[in-house]
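Chain by chain, the residues run as shown.
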Amino acid sequence: QVDLVESGGGSVQPGGPLRLSCAASDNIFNFNFIAWSRQAPGKQRELVASINVGGKLTYADSVLGRFTISRDAGANKIYLQMDSLMPEDTAIYYCSGNILSRSYWGQGTHVTVSS
């Protein structure tokens, strides 16, 4: 069993930054794919950012240039740095990872962007 726990969510004004963390119970290099996803009210879940086994970073067009995904192997943590936040970024953010064909998901952390 692998556990993923998100933290760092909260309320922020438009234009502000926020950093999300995901603590993994297993060595993050055991994952062949790690990602951040989000689900906004009334919308489908969206893949925000990911890192594949080769270290390739990908981002959704909606966050490109504003969000940065990274990892810290020593701390077994995955981060999502969010800058220039907009009200449209309001959502529940989820951390996930794959080990072979099995997927693991955190329970999510709320992010609210409003003035």
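Quick note: structure is the one above.
Structure report, in brief.

Rules behind the numbers
Residues numbered from 1 in each chain as written. Predicted model: local features only at pLDDT ≥ 70, side-chain atom pairs only at ≥ 80, totals over all residues. Heavy atoms only, no water. Pairing = 2+ DSSP bridges. Helix = DSSP H or I, 4+ residues; strand = E, 2+ residues; numbered from the N terminus. Axes fitted to C-alpha atoms, helices over the stretch in contact; angles between N-to-C directions. Disulfide = S-S within 2.5 Å. Buried < 20%, exposed > 50% of the residue type's maximum accessible area, 1.4 Å probe, protein only.

### What about the sheet that holds strand β1 (residues 4-7)?
Here 4 strands make up an open sheet; going across it, the order is β1-β3-β8-β7 and the pairing antiparallel. Of all the strands in the sheet, the pair left with one neighbour each is β1 and β7 (67-72). Each adjacent strand pair in this sheet contributes to an overall mean axis angle of 15 degrees, direction not counted. In the sheet, strand β3 (residues 18-24) pairs with strand β8 (residues 77-82) via 6 bridges, with the strands oriented antiparallel. Bridge pairing in β8 links R19 to Q81.

### Some remarks on the state of the cysteines
Counted by the stated rule, this structure contains 1 disulfide. Between the sulfur of C22 and that of C95 lies a disulfide, 2.1 Å long from S to S. Its S-S torsion of approximately -75 degrees makes the covalent link between C22 and C95 left-handed. Highlighted residues: C22 in strand β3 and C95 in strand β9 (residues 91-99), separated in sequence by 73 residues. By relative accessible area, C22 is classed as buried at 0%.

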